[in-house]
Amino acid sequence: MVENQIQIPEGWKSSTINDLCIIGRGRVISQTEIFNKVGVYPVYSSQSQNNGEMGRIDTFDFDGDYVTWTTDGAYAGTVFFRTGKFNCTNVCGTLKEKEANTLDLQFLAYLLSTEAKYHVSYVGNPKLMNGVMAKILLQLPKDKTEQTTIATILSKTDQAIAHTEALIAKYTKIKTGLMQDLLTKGIDQNGKIRSEQTHEFKDSPLGRIPKEWECDYLSSKVQVHGGYAFKSKDFQTEGVQLIRIGNLYNNQLSLNRDPIFLPKEFLKTLPQFILNKGDIILSMTGTAGKRDYGFAVQINIEEKVFLNQRVCKFLFQEAKIDKDFLLNVLHSEFYLTKLYESVTGTKQANLNSDNILEIYVPFPILDEQKRISNYLLKVDDFISKSKTELTKLQSLKIGLMQDLLTGKVRVKI
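Residues numbered from 1 in each chain as written. Predicted model: local features only at pLDDT ≥ 70, side-chain atom pairs only at ≥ 80, totals over all residues. Heavy atoms only, no water.

**Student:** Could you give me a rundown of the pattern of salt bridges, with the residues and numbers involved?
**Tutor:** Summed over the entire model, instances satisfying the criterion amount to 16 salt bridges. The partner of Asp 203 in a salt bridge is Arg 208, with the nearest N and O atoms 3.1 Å apart. Exposure remark for Asp 203: the relative accessible area of 61% places this residue in the exposed category. Classification of Arg 208 by relative accessible area gives partly exposed; the value is 36%. Through salt bridges with shared partners, a single network forms among Glu 196, Asp 203 and Arg 208. (Salt bridge = Lys/Arg side-chain N within 4 Å of Asp/Glu carboxyl O. Buried < 20%, exposed > 50% of the residue type's maximum accessible area, 1.4 Å probe, protein only.)

**Student:** Can you break down the sheet that holds strand E5 (residues 41-44) residue by residue, with the values?
**Tutor:** In a beta sheet, neighbouring strands are held together by backbone hydrogen bonds and run either parallel or antiparallel to one another. An order of E6-E5-E10-E7 is seen for the four strands of this open sheet, with the pairing classed as mixed. Where the open sheet ends on each side, the last strands, each with one partner, are strand E6 (53-57) and strand E7 (62-63). Pairing geometry for E5 and E6, over four bridges, is antiparallel. Note on E6: the bridge partner recorded for Pro 42 is Arg 56. (Pairing = 2+ DSSP bridges. Helix = DSSP H or I, 4+ residues; strand = E, 2+ residues; numbered from the N terminus.)

**Student:** Any chance you could break down the packing of helix H7 (residues 323-331) against helix H8 (residues 333-341) for me, citing the residues and the numbers?
**Tutor:** Each packed pair of helices is defined by two parameters, the angle between the axes and the distance between the axes. One can describe the packing of H7 onto H8 by two numbers: an axis separation of 5 Å at closest approach and a directional angle of 60 degrees. Relative to H8, the element H7 lies oblique. Across the interface between the two elements, Val 329, Leu 330 and His 331 of H7 pack against Glu 333, Phe 334, Tyr 335 and Leu 336 of H8. (Axes fitted to C-alpha atoms, helices over the stretch in contact; angles between N-to-C directions. Parallel < 35°, antiparallel > 145°, perpendicular 65-115°, else oblique. Contact = heavy atoms within 4.5 Å.)

**Student:** Can you tell me about the packing of aromatic side chains, naming the residues and giving the values?
**Tutor:** Going through the model one piece at a time under the given rule, you end up with twelve aromatic pairs. Each ring, one from Tyr 66 and one from Phe 86, has its centre 5.7 Å from the other, and the planes form 80 degrees; the classification is edge-to-face. Of this pair, Tyr 66 sits in strand E8 (residues 66-70) while Phe 86 sits in strand E10 (residues 85-88), and the two are 20 residues apart along the sequence. Assigned by exposure class, Tyr 66 and Phe 86 land together as buried. Judged by centre distance (5.1 Å) and plane angle (40 degrees), the rings of Tyr 228 and Phe 273 are tilted. Linking Tyr 228 in the loop between strand E16 (222-226) and strand E17 (240-243) with Phe 273 in the loop between helix H6 (266-269) and strand E21 (274-275), this pair joins segments that are 45 residues apart in sequence. Chaining the aromatic ring pairs together yields one cluster made of Tyr 228, Phe 230, Phe 266, Phe 273 and Phe 306. (Phe/Tyr/Trp six-rings, centres within 6.5 Å; stacked < 30°, edge-to-face > 60°.)

**Student:** Report on H7, specifying residues and quantitative values.
**Tutor:** Note on helix geometry: an α-helix contains 3.6 residues per turn, so any two residues three or four positions apart are oriented the same way. Buried within H7 are the following residues: Phe 325, Leu 326, Leu 327, Asn 328, Val 329 and Leu 330. Here H7 starts with a cap whose side-chain oxygen sits 3.2 Å from the backbone nitrogen of Asp 324, and that cap is Asp 322. (Polar contact = N/O pair within 3.5 Å; in protein donor to acceptor, adjacent residues only side chain to side chain.)

**Student:** Go over the packing of helix H3 (residues 105-115) against helix H5 (residues 144-182), please, and point to the residues and values.
**Tutor:** The contact between H3 and H5 brings their axes to 8 Å, and the two run at 70 degrees. Put simply, H3 runs roughly perpendicular to H5. Where H3 crosses over H5, the handedness of that crossing is left-handed. Contacts between H3 and H5 involve Gln 106, Phe 107 and Tyr 110 on the former and, on the latter, Gln 147, Ile 150, Ala 151, Leu 154, Ser 155 and Asp 158. (Left-handed = near helix turned anticlockwise from the far one by under 90°.)

**Student:** Give a description of unusual backbone geometry that names residues and reports values.
**Tutor:** Although it is not a glycine, Asn 101 sits at a positive phi angle of roughly 65 degrees. Here Asn 101 lies in the loop between strand E11 (92-97) and H3. Phi is positive for Asn 251, which is not a glycine, with a value near 60 degrees. By secondary structure assignment, the location of Asn 251 is in the loop between strand E18 (248-249) and strand E19 (252-253).

**Student:** Explain the environment of Gln 309 residue by residue, including any values.
**Tutor:** As for its placement among the helices and strands, Gln 309 is situated in the loop between strand E25 (305-307) and strand E26 (311-316). C-alpha of Gln 309 to C-alpha of Gly 226: the two residues are 83 residues apart in sequence and 6.4 Å apart in space. Other than its neighbours up to four places away in sequence, Gln 309 contacts Gly 227, Tyr 228 and Ala 229.

**Student:** Got a sec to walk through the layout of surface pockets? Specific residues and values, please.
**Tutor:** Each pocket or cavity is described by its volume, and for the largest pocket that value is around 1300 Å³. Lys 175, Asn 251, Gln 252, His 331 and Asp 380 are, among the 36 residues lining the largest pocket, the residues nearest its centre. Examining the composition of the lining of the largest pocket, we find that nine residues originate from one element, helix H10 (residues 366-404), more than from any other. In this structure, the second largest pocket occupies an estimated 610 Å³ of space. What lines the second largest pocket is a set of 25 residues, among which Val 79, Ala 109, Tyr 110, Ser 113 and Lys 397 lie closest to the centre. Considering each element in turn, the lining of the second largest pocket owes the most residues, five residues, to H3. Taken together, the residues of the lining of the second largest pocket sort by class into eleven nonpolar, ten polar and four charged. (1 Å grid on protein atoms, 1.4 Å probe; cavity = no way out; pocket = protein on both sides within 12 Å on 5 of 7 lines; lining within 4 Å. Points joined across faces, edges and corners; volume = space filled by probe spheres on them. Nonpolar A, V, L, I, M, F, W, Y, C, P; charged D, E, K, R; others polar.)

And the structure:
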């Protein structure tokens, strides 16, 4: 079936937003009004975090099902489905069905989220104003029941995504607390976290620690070896990958972030800058005042890679420290706080070996280090599996949206 020269599925129609909806906009709501009034009705604005909620007041401007979108700013064109009693600021447009019982607004939000971004103007401040929104042409089922069925399927996928995200956040927070406890109290041979009620502790530069532990500079156990300043003229699109600062992203080894390669011949001429599986490395340069450096990762691939300048590798002195234990120390808040405090500079932050190594660290005996690492590894495994599940759910949603919102796959009604 062809309508207006656009191929659309049987039982679907082409309509503009203006045909479908009453178009409105929020009002000016100052931060003072939000801060001075503690209420139950949310105020939505242009930010993307927290579902766009700025705060809550004791009055509401909208009641029922609506689609809202950000009209201007960095998040222009971001679409939300809203329901219940709420408020919107003047950087939010609003859509309400024009004819009762003909349009599922949650479905419209899903459909519009795939289309609105293409109509954002980037001349000056990014914007998608009401006049442009009104002209957006969509293809959608004529039957509201089909719209609702599609929205329900996508909503259940969103709920599964939100649940998995919440689990990741919960266990990430749990791990942070566990690290604080395990790296200051340790874990005994029975698998229990120590306390001063059950074990003897002593004073140290880091506070109270178990009596059996030592507290010393990190340099007493490891040293660091900096990378090489490879020349850009040697960069190529295949060969041996070069690990640069950007590949150590959020304490993850991200090989797909702007990959650069070097000739395989360099493996013979520069063997001291080869990284092997199990090596621990750390990024040494970032932005002053930000935590966009000091990322530590362990190489987890079999292929050999090269170490670039401003990334360092840890060198171990015999068997004085467990590698996994060291990685947990490098990720811990007590270590990172000292690391960032030691850096100077107004724009660019550069770490050196003293910044990295001259920090006090608690050292249990080697067996206990391994127990601590294994304890934390169980949480890491759960978080990793949850992240894998999240990626699958996100891919599933993309596929469902591509099929269901185009009519390529029809639902039973």
